[in-house]
Amino acid sequence: MDILSTMRLAFRALARNKLRSGLTMLGIIIGVGAVIAMVGIGQGADQQIQQQIANMGSNMLMVMSGSVNRGGLRVGFGATKTLVYDDVQAVLRECPSVAMAAAGTQTNSQVVYGNDNWGTRIIGTEPQYFEIRTWPLASGIYFDQQQVEQNGNVAVIGETVRKNLFSVDDPLGKTVRIKNLPFTVIGVLQPKGSSASGMGDDQDDQVFIPYTTHQKKITGDTWLRYVTLSAVSLEASSSAQQQVEQLLRERHRIRQGQDDDFFVRNMKDVADQAAQASQVMTVLLASIASVSLLVGGIGIMNIMLVSVTERTREIGIRIALGATEEDVQRQFLIEAFVLSAIGGLIGILAGIGASWLISSRFNWPVLVSPMSILVAAVFSMTIGIFFGYYPARKASRLDPIEALRYE
């Protein structure tokens, strides 16, 4: 028999028991749909994390003060005062893998405009900070190096600060007060959203001023809380980290075996760790969902065995009329394949629909990739063939004489 005739017989046999065929496909439908939805959730979360990390800046490293042991008590960020602006200049001069560096210091304060006020972070930095962070302006301009050298009272604000202080008003040229000092707003940054720290920090809830103004007029500090660096390339970020660590240990006279009084965070490492964690979660979710596919495959095997038993006499007649073992086996394999293929197709639609529903209803990031759809479809059809092989083999091996006698 040719393949078309066999397929017609297979469809006819499945159509005789529509309800049973539908219930058999249900396991495959649920399995494929669950796999696509779960993988979509995992990939969506990974994409969101990677986007947040990318928003932090290009090839970025952070050198932070702190991490020192005092009388057995380990203190962290901002506890030491050894990181100074001379270190920034030394890094640019002696670390070839570092492209840019920007001094940084910060404090929390109320920002007042008219009758409104807003508590936010006040960041003191340099103009190149915005280039390192790849942070464009929504309006206005950045402060420049001359304003840094002259301790200028100028500010660039984030979108959250703009909304809470100015609402619909144009903030450019307006004067705000920080620690009772007047600052002119010269720029508004484009929104970046939450940071990749996992703490839900709003990157837009910040006011940026020259670091010299921050030190001399607000905090009185002579040291830096952190330095923001950019490596010459993503591949060079690890070597940049090593060069900076070695240089600062030498400059801070840290002997062999002593703890650093600073620590360096490489955003490439953060991205790699986040990607690994996301991949593990995606595989875990997909593995759990795949159990439904296996259950659906067992259901196909069970129904096909029942079908072989019910159609024993029919199989005997077909063999007696000249059908070969291959014909019989092919027919039952095609029936199993059709069940899994149709179930897989409906499951793909169900999975895409479930992903859309989860994304719109719960506002969760979901990314349904063509690869996940392809893998789920191939897996479902493979399961149909795998679990349909034994019943098909059993049907083809029936003794035609005994089959004709079967009641």
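Look up a bit, the structure's there.
Figured I'd write up the structure that's included with this text. (Residues numbered from 1 in each chain as written. Predicted model: local features only at pLDDT ≥ 70, side-chain atom pairs only at ≥ 80, totals over all residues. Heavy atoms only, no water.)

With that out of the way, let us pick up the environment of Leu 339. Structurally, Leu 339 can be placed in helix α11 (residues 325-362). Leu 339 gets classed as buried once you look at its relative accessible area, which sits at 3%. Separated by 311 residues in the primary sequence, Leu 339 and Ile 28 have C-alpha atoms spaced 8.5 Å apart. Ignoring sequence-local partners within four residues, the contact set of Leu 339 consists of Leu 14, Ser 21, Thr 24, Met 25, Ile 300 and Met 304. (Helix = DSSP H or I, 4+ residues; strand = E, 2+ residues; numbered from the N terminus. Buried < 20%, exposed > 50% of the residue type's maximum accessible area, 1.4 Å probe, protein only. Contact = heavy atoms within 4.5 Å.)

The next point concerns a nonpolar patch on the surface. A cluster of nonpolar side chains, Met 7, Phe 11, Ile 342 and Ile 346, forms an exposed patch at the surface whose accessible area comes to about 310 Å². Elements that contribute at least two residues to the nonpolar patch include exactly α1 (3-16) and α11. Structurally, Phe 11 can be placed in helix α1. With relative accessibility at 41%, the residue Phe 11 sits in the partly exposed group. (Patch = residues over 30% accessible without salt bridge, like charges linked within 9 Å, V, L, I, M, F, W, Y side chains within 5 Å. Areas by Shrake-Rupley, 256 points an atom, 1.4 Å probe, with all protein chains shown as cover. Salt bridge = Lys/Arg side-chain N within 4 Å of Asp/Glu carboxyl O.)

Quick look at the packing of aromatic side chains now. All told, the structure shown has 9 aromatic pairs when counted by the stated rule. Centroid distance Tyr 129 to Phe 130: 5.6 Å. Interplanar angle 85°. Geometry classified as edge-to-face. Assessed through its relative accessible area of 5%, Tyr 129 is described here as buried. When its relative accessible area of 2% is taken as the criterion, Phe 130 is described as buried. When the ring of Phe 130 is compared with that of Phe 208, the centres are 5.4 Å apart and the planes differ by 75°; the resulting orientation is edge-to-face. Pair noted here: Phe 130 is in helix α4 (residues 128-132) and Phe 208 is in strand β10 (residues 206-210), with a separation of 78 residues, a long-range link. The same class applies to Phe 130 and to Phe 208, which are both buried. One aromatic cluster is present, built from ring pairs that chain together Tyr 129, Phe 130, Trp 135, Tyr 142, Phe 143 and Phe 208. Between the NZ or CZ atom of Lys 192 and the centre of the ring of Trp 135, over which it lies, the distance is 5.5 Å. (Phe/Tyr/Trp six-rings, centres within 6.5 Å; stacked < 30°, edge-to-face > 60°. Lys NZ or Arg CZ within 6 Å of the ring centre and 35° of its normal.)

The end-to-end C-alpha distance of α11, which contains 38 residues, comes to 54 Å, matching closely the 56 Å that a straight helix rising 1.5 Å per residue would cover. Of the residues one or two after α11, Asn 363 is the one with positive phi, at around 55°. (Expected span 1.5 Å × (residues − 1).)

By secondary structure assignment, the location of Ser 97 is in the loop between α3 (85-94) and β4 (98-113). When its relative accessible area of 10% is taken as the criterion, Ser 97 is described as buried. In contact with Ser 97, not counting residues within four places along its chain, are Ser 230, Ala 231, Val 232, Ala 236, Ser 239, Ala 240 and Gln 243.

Inspection of every chain in the model, using the stated rule, returns 1 cavity of 30 Å³ or more. When its volume is computed, the largest cavity comes out at roughly 40 Å³. Of all the secondary structure elements, the ones that give two or more residues to the lining of the largest cavity are α3 and β11 (226-231). It is α3 that provides the largest number of residues to the lining of the largest cavity, a total of 3 residues. Looking at the lining of the largest cavity residue by residue, the class counts come to 7 nonpolar, no polar and 1 charged. (1 Å grid on protein atoms, 1.4 Å probe; cavity = no way out; pocket = protein on both sides within 12 Å on 5 of 7 lines; lining within 4 Å. Points joined across faces, edges and corners; volume = space filled by probe spheres on them. Nonpolar A, V, L, I, M, F, W, Y, C, P; charged D, E, K, R; others polar.)

Another aspect to go through is the side chain of Asn 151. Along the chain, Asn 151 turns up in the loop between α5 (145-149) and β7 (154-157). Discounting chain neighbours no more than four positions away, the residues touching Asn 151 are Thr 212, Thr 213, Lys 216 and Lys 217.

Across all of its chains, the model carries 4 salt bridges by this definition. Residue Arg 93 is joined to Glu 94 by a salt bridge in which the shortest nitrogen-to-oxygen separation is 3.7 Å. Residue class for Arg 93 comes out exposed when judged on its relative accessible area of 56%. As a salt-bridge pair, Glu 159 and Arg 162 come within 2.7 Å of each other at their nearest N and O atoms. Highlighted residues: Glu 159 and Arg 162, both in helix α6 (residues 159-166), separated by 3 residues, approximately one helical turn. Each of the two residues, Glu 159 as well as Arg 162, counts as buried.

Right, let's talk about the packing of helix α9 (residues 267-310) against helix α12 (residues 370-396) for a bit. Each pair of packed helices can be summarised by the angle the axes make with each other and by the distance between the axes. Remark: α9 packs on α12, axes separated minimally by 9 Å, with the N-to-C direction vectors making an angle of 25°. When the axis of α9 is compared with that of α12, the two are roughly parallel. Note on packing geometry: the crossing formed by α9 with α12 is right-handed. The segment α9 lies against α12, with Ser 290, Leu 293, Leu 294, Gly 297, Ile 298, Ile 300, Met 301, Met 304, Leu 305 and Val 308 engaging Phe 379, Ser 380, Ile 383, Gly 384, Phe 387, Tyr 390, Pro 391, Lys 394 and Ala 395. Grouping the constituent residues of the contact of α9 with α12 by class yields 14 nonpolar, 4 polar and 1 charged. (Axes fitted to C-alpha atoms, helices over the stretch in contact; angles between N-to-C directions. Parallel < 35°, antiparallel > 145°, perpendicular 65-115°, else oblique. Left-handed = near helix turned anticlockwise from the far one by under 90°.)

Nothing here speaks to function; it is geometry throughout.
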